Amino acid sequence: MQRRTFIKQTTALSAIASVSAKASNTQNVAKFPVVLSTWKNEKANNAAWESLQKTGRALDAVEAGARIPEADPNDTSVGYGGFPDRDGNVTLDACIMDEKGNAGSVTFLQHIMHPISVARAVMEKTPHVMLSGEGALQFALSQGFKKENLLTETARKAWEDWKKTSKYEPKINIERHDTIGLLALGNQGEISGACTTSGLAFKMHGRVGDSPVIGAAVFCDDEVGGACATGLGEFVLKTLGSFLIVELMRNGKTPQKACEEAIMRIVKRYNYKEFQIGYLALNKKGEYGAYAIQPGFNYTLTKDGVTKVYESGSYMK
Ligand code: SD4
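The numbering scheme is per chain: residues are counted from 1 as the chain's sequence reads. Local features are withheld for residues below a pLDDT of 70 in this predicted model, meaning they are given only at 70 or higher, and side-chain atom pairs are given and counted only at 80 or more; totals for whole chains, interfaces and linings count all residues. As a rule here, side-chain values come from all non-hydrogen atoms in the structure, and water together with hydrogens is ignored.

Undergrad: What is the right way to read helix α10 (residues 255–269) from this model?
TA: For helices the rule is a DSSP run of H or I covering at least 4 residues; for strands it is a run of E covering at least 2, with both sets numbered from the N terminus onward. Each helix should span, by expectation, one fewer than its residue count multiplied by 1.5 Å. In this model α10 runs 22 Å from its N-terminal to its C-terminal C-alpha over 15 residues, within 8% of the 21 Å that 1.5 Å per residue would give. Note on contacts: a residue pair qualifies if any of its non-hydrogen atoms lie within 4.5 Å across the two residues. At its buried positions, α10 is contacted by α8 (233–239), α9 (241–250), β10 (277–283) and β11 (287–292).

Undergrad: Honestly, the packing of helix α3 (residues 42–54) against helix α4 (residues 58–70) in this entry has me stumped. Any pointers?
TA: Two packed helices can be described by the angle between their axes and the distance between those axes. Axis lines are fitted through C-alpha atoms, for helices just across the contact stretch, and the angle between N-to-C directions can take any value from 0 to 180 degrees. Between α3 and α4, the least distance of the axes is 7 Å, while the angle of their chain directions is 150°. The pairing of α3 with α4 is recorded here as roughly antiparallel in orientation. Handedness of the α3/α4 crossing: right-handed. Of the residues in α4, those in contact with K43, A44, A47, A48, S51 and L52 of α3 are A58, D60, A61, A64, G65, I68 and P69. A class-by-class count of the residues in the contact of α3 with α4 yields 9 nonpolar, 2 polar and 2 charged. Should an angle lie under 35 degrees it is considered roughly parallel, over 145 roughly antiparallel, and from 65 to 115 roughly perpendicular; all remaining angles are considered oblique. A clockwise turn of the near helix away from the far one marks a right-handed crossing, whereas an anticlockwise turn of less than a right angle marks a left-handed crossing. Residues are grouped as follows: Ala, Val, Leu, Ile, Met, Phe, Trp, Tyr, Cys and Pro are nonpolar; Asp, Glu, Lys and Arg are charged; every other residue, Gly included, is polar.

Undergrad: Sorry if this is basic, but what is going on with the environment of L109 here?
TA: Position of L109 relative to the elements: it lies in strand β4 (residues 103–109). Exposure remark for L109: the relative accessible area of 0% places this residue in the buried category. Not counting the four nearest positions on each side in its chain, L109 is found in contact with V90, T91, L92, P115, V118, G133, A136 and L137. For the exposure calls, accessible area comes from a 1.4 Å probe over protein chains only, and a residue counts as buried if that area is under 20% of its type's maximum, exposed if over 50%, partly exposed in between.

Written as structure tokens, this is what we have:
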């Protein structure tokens, strides 16, 4: 479903949103295993859940989940089918973090369908955390990933259309905010997280957002839990939101309160009316939280094998 249509349909759900915002004193609990992802990502959550049935490991689950939108040509903000930058290049950012504090990431990667798996290979097979651009591509090829054209006809047409005005103008919730961030607790209750995106549609060539940055789009600490982000990445980067949320949880905040405080950091300092940020958090007890600046942010939860989409609370009503 197109985001525009989806947003229209979800305005009817705004009552649910305000209920969850008001009810933020009561903490949602899912125990483990559990999978939580940004936006409406049921297929990804189901793939993550299936992976948990096979290996039980949260790291495998978040990778399996992220691979679903990456390969989906209809998802215009992740991987194959992602909208290009303003010069027509599909450039990808992704990161992954496990329960031991290991992390891997790729930025500004082109021509590879599954950046999340390249990020995992960076984590597991190199002494580094982050590889970028041509170097990331060379590494991916050396690991057996295939070089492919990721620009679909639909994305190319959207770009041709955009070029008529060439206005770079992020719009709340309809600026292709479909980036997937995932958090999971595995069968042992261990935490992992992942994020993958083609970034903002029609961005400047070379622009890298929050999604490949550990601490910004994803952070996990097995003593505490994890957090992930979506939205206009520049503001997640400026406030290092996921790291902040994990630290707030370490200091006693519930996942819900930690997400709310991370949103407030942005609201207090920036002109928040112009953009959207959404955060998810999951602690080691299986308690989770979600909060956004604007209405319209939703998330997908899988527990006990059942996957459902929920509307997040938000600062703006
Ligand atoms: C970025 N955070 O590149 C990503 C975009 C996003 O849903 O989340 N879109 O800034």
